[in-house]
Each structure stands twice: as C-alpha cells, then as structure tokens.
Amino acid sequence: MNRIATGIENLDTILQGGIPEGATIMIVGHPGAGKTILAHQMMFNNASEDFKCIYLTTLSEPQHKVLRFQQEFDYFDIEKIQSSVIYADLGSPLRTNGYRQALSVVDNLLKTHRPSLLVIDTIKTFAEIIGSLIDTREFLLDLTSRLSTWGCTTILIGDYSEEDIEIRPESAIADGIIYLSGSEERRYQQRFLRILKMRGTKYAAGENAFTISEHGIEMFTRVNPLVSTQQYPCSGARLSSGIEGLDNMMGGGIPFATTTLVSGGPGTGKTVIALNFAHTGLLAGESAIYVSFEENPAQLLRNASNLGLNLQPFIDTGIMTILFMSPIELNIDEHVYDIQQLVKKIGATRVIIDSISSFEVGMIDKIKYTDYIWSLCDYLKTQGTSILLTHESSSSQMAGLTKHGISYISDNLILIKHIEQESMYKPYLRIVKMRGSSHSHVLGEIVINNSGVTIK
C-alpha cells in the first residue's frame, strides 16, 4: 500500500509510514485542538508540481484568515500558494444553492487541477446544512466515491468530540480517524493525538503527546509499558558508585545495565550518592545524563564542587548533560522522549533521575506515572544504560516504597533512614535487595563532609 507522509516524523512512525494513499481520513477534535495545522503541515510537506493539494473552506473560517495564521509556521511556503497548494471556497455555493452545487464545484476542481490531496474544512458544515443523517450519509458516499475515482486522498476536518464520532455517519464512511484532544488543566495545557481507526494498515494504538511550535505540530510517541522484545545486555560487569563502602556492601558495585533505587527522607544523602555515581562514571570515560526536578544546574554543580566533585569540565566537553525542569510544568511524554533521544545522541551509559518523587508530582494519572517509569527504565536497560533513581519517602517503612509500584521497578534497592544516636540523628544505609546478586545485610553509617562521602 502506498502511503502519504504527514511530514511529522513520529506521526509517520505511528502510522507505519503515513496515511494510506487514496483513503478518506477524518481529523477531528474540539476547536483549537490543532486540526487545521495538522492538515496544512501535511499539505505543504507534500505539495509539488506533481502532487497538488486543494484546501476547501466552508462556513467556518475565511480563506484570508487561514492564510494569515498559517504563514507564521516554518512549513508555510508562499511560492506554493495557488500553484501546488490551491485554496477554494465552498461556503458561497453551499450557502446559496445547497450541497449539490457544492459537489459540482468539487467536480470542476478535480477536473481542472487533478489533485493528489483534498482537504475540506469543515465537513461538519455539510452535515448541519443537510440535516438528515440518511441524506448526509448519501452525500458523503457520493463525495468520497468521486474523490476515490480520481485517485485523490481526502482529509475531512470536523469539530467532533469522541462521543460524537461514535454516532455520526461521517465516521462510518471514513477509512481513518485521527482524534486530537487536550487536557482540561488550567495551569498547563497538554495536547494528545490518538488514532481511532485506520483501515488496511497497522498503527500504534494509544495516546501520544504533541506540542504546537513555530515548526507546527511536534509529536512525542508514548513509551509502551510492555516488556521490550530486545534483550537486556548481561555482561556480569560491576559499576562503581564512587563510594567505596557502598560498593563493598553491594558485593563489588552496581550490576551493569540495572535500575538502582535510592530511597530515604530529606537530608539523608540521596543526591550525594547520585552525584558520586555520575562523577565516577565520567572519570571512567562514560557519558552521563542527570535529570533534576528539584535543583537547577548551577545548584547541582556548586553542591558537587563542595563534595570535591568537579563536573563542569565534563559538561563543557559534552559527555555530561543536566536536564532540569520544574515538575509543575512537566509534559511527561515530551520529557521522556527527550531523555531517549539524548541517550542516543551522546551514548549515555549512566542516567540519573533525581527524583522520581517529583516525577510523580507532574503526573495526575498515577497509573500512567508507574507505566512511564517502568517503560523508561526498560528502554534504557536495553540500550546498555545503568539507571539510578532517587525517591523521597517520609517514612523509613517499606510501605512507602511500594506506593504506585515503585519498588518492583528497581533491580537494586537502597534504603536510607535517620537513626537517633547519642542525642543526634545520623543517616544509615542498608541494601534491601539486589536481584541476582549477594549483598551485605548490615547497616552502614553515611558520613558526608568536605572530603566527600564515606560509609562506615
């Protein structure tokens, strides 16, 4: 089956290369969801002398307004206007002579331009003017049969909710339905795309996040929370944590390409362990990504320097990257996608997320939160990357670690808690579990000073 690329890389991946050629595709969603942008991005990315596109406005938005707003995007090319991207109005004939006259206008445009792609914005206008569901269905069958006879791929844009799609005759006629939606949060709008239907082709199901920028729509494919078919590398090698006492307690270090969770209350030294883990890998010639939700890069670098860890040279040479974002403004899909792409770009063998407690704050759906942590760790391990996660718990009890399934994600689990001793609270560390490896069961006192960190 021949396909037409949308021009949006990750959407084409979801669609196995693009939409089927000659199909009738509906792009639906609430007003402002990005439907018109998606259609235009697809037109301008494909338009050429041999691939003409026609954009038909109805009664929704005048052509001059459509053009004025679209020219703000990078994909817009004024040289293509009325040559390979042709605008025409169906609103006037529809309003004065009804939908049959509008069909006659479509016929003339097909004969004159022989387009490869035709967009109607919006098809809902026809349905509202025709009124009867039976007549609407007959009209749509007539329209789509004419277009398919000419070998023309059709995009029908409509302001429909997901509930509308289930009962509208348009959805039965369409070969594919792309649904755009957004979150209802007032503090931060998130946008999602989902393929509801696509005849004759496989596609990646599920909700995928996207943003609208000066480049148009940019998509971030969701990480599938299923076990990867790619095997984890099992070399048996051990990685140093940068803290000799901790390596000894873990039987020689952290097993290669595993997930280590460090959990404890505030001020117990979780970030200190994370910084040492990153630094010792950098000294060994590895690349590292440090994802921070609580401390900005300047803070992290200063705190690391106070411990005798100079990270700046590694950042300057590009083998270490610090990703910082407020969890309140977190677009989790985009962030996870960025981490994946950065791992590929710099070949990171160590990834630190400090902390996943802040990750949780940015997620309204706590099941989705667990899915993403699991999926990200699963993906990274298949790339031969070792992961260290920090987690802030308000209690030293194990019950805090099982919240939302955090503990089962980790291969190695380190618990830190304060113990009162001689009128002082001192942080003590213990290894709770290490999959497939022996480890110490004793408590080790964490001592942090200007010389660094040691475990007694």
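For the structure, check the block above.
Quick summary incoming for the structure in this document. Each residue is numbered by its place in its chain's sequence as written, counting from 1. Predicted model: local features are reported for residues with pLDDT of at least 70 only, side-chain atom pairs are reported and counted for 80 or more only, and whole-chain, interface and lining totals are derived from all residues. Think of the side-chain values as coming from all heavy atoms in the structure, minus any hydrogens and water.

**Re helix α14 (residues 332-346)**
Reasoning step 1: Helix numbering and strand numbering both begin at the N terminus, where a helix is a DSSP run of H or I of at least 4 residues and a strand a DSSP run of E of at least 2. To estimate the expected span of a helix, subtract one from its residue number and multiply by 1.5 Å. An ideal rise of 1.5 Å per residue puts 21 Å on 15 residues; α14 measures up with 21 Å between its terminal C-alpha atoms.
Reasoning step 2: Within the span of α14, buried status applies to I332, D333, H335, V336, Y337, I339, Q340, L342, V343 and I346.
Reasoning step 3: Residue G347 follows α14 closely and has a positive phi angle near 65°. Burial classification: accessible surface area is computed with a 1.4 Å probe over protein chains only, and a residue below 20% of its type maximum counts as buried, one above 50% as exposed, and the rest as partly exposed.

**Regarding the sheet that holds strand β21 (residues 444-449)**
Reasoning step 1: Across the sheet, nine strands lie side by side as β16-β15-β17-β18-β14-β19-β20-β21-β22; this open sheet has mixed pairing. Two strands lie at the open edges of the sheet, namely β16 (320-324) and β22 (452-455), each paired on one side alone. Strand after strand, the sheet turns through a mean of 20° between neighbouring axes, direction not considered.
Reasoning step 2: We call two strands paired when DSSP finds no fewer than two bridges between them. Here five bridges tie strand β15 (residues 288-292) to strand β17 (residues 350-354), and the two strands are oriented parallel to one another. When the bridges of β17 are listed, I289 appears paired with V351.
Reasoning step 3: With respect to the sheet, α14 is in contact with β15, β16 and β17, its orientation differing from that of β15 by roughly 160°. Simply put, an axis is a line fit to the C-alpha atoms, just over the touching stretch for a helix, and the angle between two N-to-C directions goes from 0 to 180 degrees. Residue contacts are counted whenever heavy atoms from the two residues lie within 4.5 Å of one another.

**A few points about the nonpolar core**
A general feature of soluble globular proteins is that nonpolar side chains tend to end up buried together.
Reasoning step 1: Judged by nonpolar contacts, the single largest core of 38 residues is most densely connected at I155 and L193.
Reasoning step 2: At six residues, the largest contribution of residues to this core is made by helix α2 (residues 35-46).
Reasoning step 3: Residues within four places of L193 in sequence aside, it is in contact with L11, L38, I178, Y179, L180, G206, E207, N208, F210 and M219.
Reasoning step 4: Buried Ala, Val, Leu, Ile, Met, Phe, Trp, Tyr and Cys residues that are joined via side-chain atoms within 4.5 Å together make up what is termed a nonpolar core. The next biggest cluster of nonpolar side chains, apart from the first, holds 34 residues, and it includes V262, L282, L307 and L388.

**Points about the environment of F69**
Reasoning step 1: Structurally, the position occupied by F69 is in helix α3 (residues 63-70).
Reasoning step 2: Sequence separation between F69 and G34 is 35 residues, and the spatial gap between their C-alpha atoms is 12 Å.

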